[in-house]
Amino acid sequence: MLRYIYDGTFDGFLTVIYNCYYNNIPESIEKENSFTFNILFEDNFIISDNVQSNKVSRAILDKISKEALINVYQSFLSEKPGIEMKLFTYIQLGFRIGSKINDYLTDETVNQIQKYSRKVGREAHKFLGLVRFQEFRGILYAAIEPTYNILELIGNHFKARLTNEMWIIHDIKRKIGIVYKDDEWILRNLEFKKVVSCEEEELFYQNLWKVFHKSVSIKERINEKLQMKNMPKKYWNNLIEMK
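The sections below set out a description of the structure shown in this document.

Rules of the game
- By convention here, each chain's residues receive numbers from 1 onward along its written sequence.
- For this predicted model, a pLDDT threshold of at least 70 governs which residues receive local features, and a threshold of 80 or more governs which side-chain atom pairs are given and counted, while totals over whole chains, interfaces and linings are taken from all residues.
- Values reported for side chains reflect all heavy atoms of the structure, with hydrogen atoms and water molecules removed beforehand.
- Note on pairing: DSSP must find at least two bridges between two strands before they are called paired.
- For the purposes of this entry, the term helix denotes a DSSP run of H or I that reaches at least four residues, the term strand denotes a run of E that reaches at least two, and both are numbered from the N terminus.
- Only the stretch in contact is used when fitting a helix axis, every axis being a line fitted to C-alpha atoms; angles between N-to-C directions are given from 0 to 180 degrees.
- We call two residues in contact whenever any of their non-hydrogen atoms come within 4.5 Å of each other.
- Each aromatic pair joins two rings of Phe, Tyr and Trp (for Trp, the six-membered one) with centres within 6.5 Å, and gets the label stacked for planes under 30 degrees apart, edge-to-face for over 60, and tilted for any other angle.
- The classification of residues rests on relative accessible area computed with a 1.4 Å probe and restricted to protein chains. Under 20% of the type maximum is buried, over 50% is exposed, and intermediate values are partly exposed.
- A ring is scored as having a charge over it whenever the NZ atom of a lysine or the CZ atom of an arginine sits within 6 Å of its centre and within 35 degrees of its normal.
- Salt bridge, as applied in this entry: a Lys or Arg side-chain nitrogen positioned within 4 Å of an Asp or Glu carboxyl oxygen.

Structural notes on the sheet that holds strand β4 (residues 134-136)
If you trace the 5 strands from one edge of the open sheet to the other, you get β4-β5-β6-β7-β8, paired in mixed fashion. Strands at the two margins of the open sheet, each flanked by one partner only, are β4 and β8 (184-189). Neighbouring strand axes in the sheet, compared pairwise and without regard to direction, differ in orientation by 25 degrees on average. Sheet topology note: the strand β7 (residues 176-181)/β8 ladder contains 6 bridges and is antiparallel. Within the sheet, the bridge partner assigned to tyrosine 180 lies in β8 and is tryptophan 185.

Some points on the sheet that holds strand β2 (residues 28-31)
Pairing in this open sheet of 3 strands is parallel, and the strands run β2-β1-β3 from one edge to the other. Taken across any chain shown, the strands that pair with only one partner, and hence form the sheet edges, are β2 and β3 (42-45). Across the sheet, the mean angle from the axis of one strand to that of its neighbour is 30 degrees, orientation sign disregarded. With 4 bridges connecting them, strand β1 (residues 2-6) and β3 associate as parallel partners. Along β3, the bridge assignment pairs arginine 3 with aspartate 43. Here helix α1 (residues 10-22) sits on the sheet and contacts β1 and β2; the angle it forms with β1, its principal contact strand, is near 150 degrees.

Concerning the packing of aromatic side chains
Both the distance between ring centres and the angle between the ring planes are used here to describe each pair of aromatic rings. Evaluation of the coordinates by the stated rule reveals 13 aromatic pairs. Look at tyrosine 21 and phenylalanine 88: their rings are 6.1 Å apart centre to centre, the planes differ by 70 degrees, and that puts the pair in the edge-to-face class. Remark: phenylalanine 88 occurs in helix α4 (residues 83-97) and tyrosine 21 occurs in helix α1; sequence separation between them is 67 residues. For phenylalanine 88, a relative accessible area of 3% translates into the label buried. These aromatic residues form a ring-pair network of at least three members: Tyr6, Phe10, Phe13, Tyr73 and Phe76. A cation over an aromatic ring shows up here: lysine 63 above the ring of phenylalanine 95, its NZ or CZ 5.8 Å from the ring centre.

Describing the environment of glutamine 52
Mapping glutamine 52 onto the fold places it in helix α2 (residues 50-63). Excluding its chain neighbours within four sequence positions, the residues that come into contact with glutamine 52 are Thr15, Tyr18 and Asn19.

Considering unusual backbone geometry
Notably, glutamate 79 is not glycine yet its phi reads approximately 60 degrees, a positive angle. Positionally, glutamate 79 belongs in the loop between α3 (66-76) and α4. For glutamate 79, a relative accessible area of 35% translates into the label partly exposed. Of note, the phi angle at aspartate 183 is positive, near 70 degrees, even though the residue is not glycine. With respect to the element layout, aspartate 183 can be found in the loop between β7 and β8.

A look at the pattern of salt bridges
Under the counting rule described, the total for this entry stands at 6 salt bridges. Note that arginine 3 and glutamate 30 form a salt bridge whose closest N and O atoms lie 3.3 Å from each other. Of this pair, arginine 3 sits in strand β1 while glutamate 30 sits in strand β2, placing them 27 residues apart in sequence. On the basis of relative accessible area, arginine 3 is assigned to the buried category, the value being 2%. In this structure, the salt-bridge partner of aspartate 43 is arginine 3, at a minimum N-O distance of 2.7 Å. In this pair, aspartate 43 is assigned in strand β3 and arginine 3 in strand β1, connecting sequence segments 40 residues apart. Judged by relative accessible area, which is 26%, aspartate 43 ranks as partly exposed. One salt-bridge network, held together by shared partners, links Arg3, Glu30 and Asp43.

So this is what it looks like as structure tokens:
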């Protein structure tokens, strides 16, 4: 049985899809940082190729739809086990029937891909209001622990909001982060631990934010169920006002 191993990036995955069409179709697609040796598989290590990945993304846009490409990208970011083969099946079906694939909700794969895409999109939108920055020697730093790998989905939002600042948004669970400076942001590995010490000025602003949060909260109007729905407890570790 053939297995494709790739670097874990979206470009790497699209390069795998390219190889599926121009070489052989595998029984499994796995990331190189998580696969384990299996004597039943013949492993083929796929090197990420931007030219090939761009051809696949363009083909999805032209032959299926922009919505389908968004579904593929956001579902990929869900990091669900086995998502690669599900996406390959979704793309295969899309190339056969075109944009109508988004209406095939009775198809299990189509339904799953759209569900994963919605969940990732919702969490990314939610984090636009959940990121809390602290200042460290002129650099704004925020630690987050999202369920899904959403950093790339929120980068442009904060670029537009914090154009003149230097900032980092750190996904401490995945040890990756967005680093922004001079109108550009890049995604890179960040091995350092979550920052826990603050300058006195930053502590002042944190306390000021807590006071503000309490002052605008009317006790009689507190709705804990609604609060947890909009801001689940799993995100509270990195929210100043919830400490």
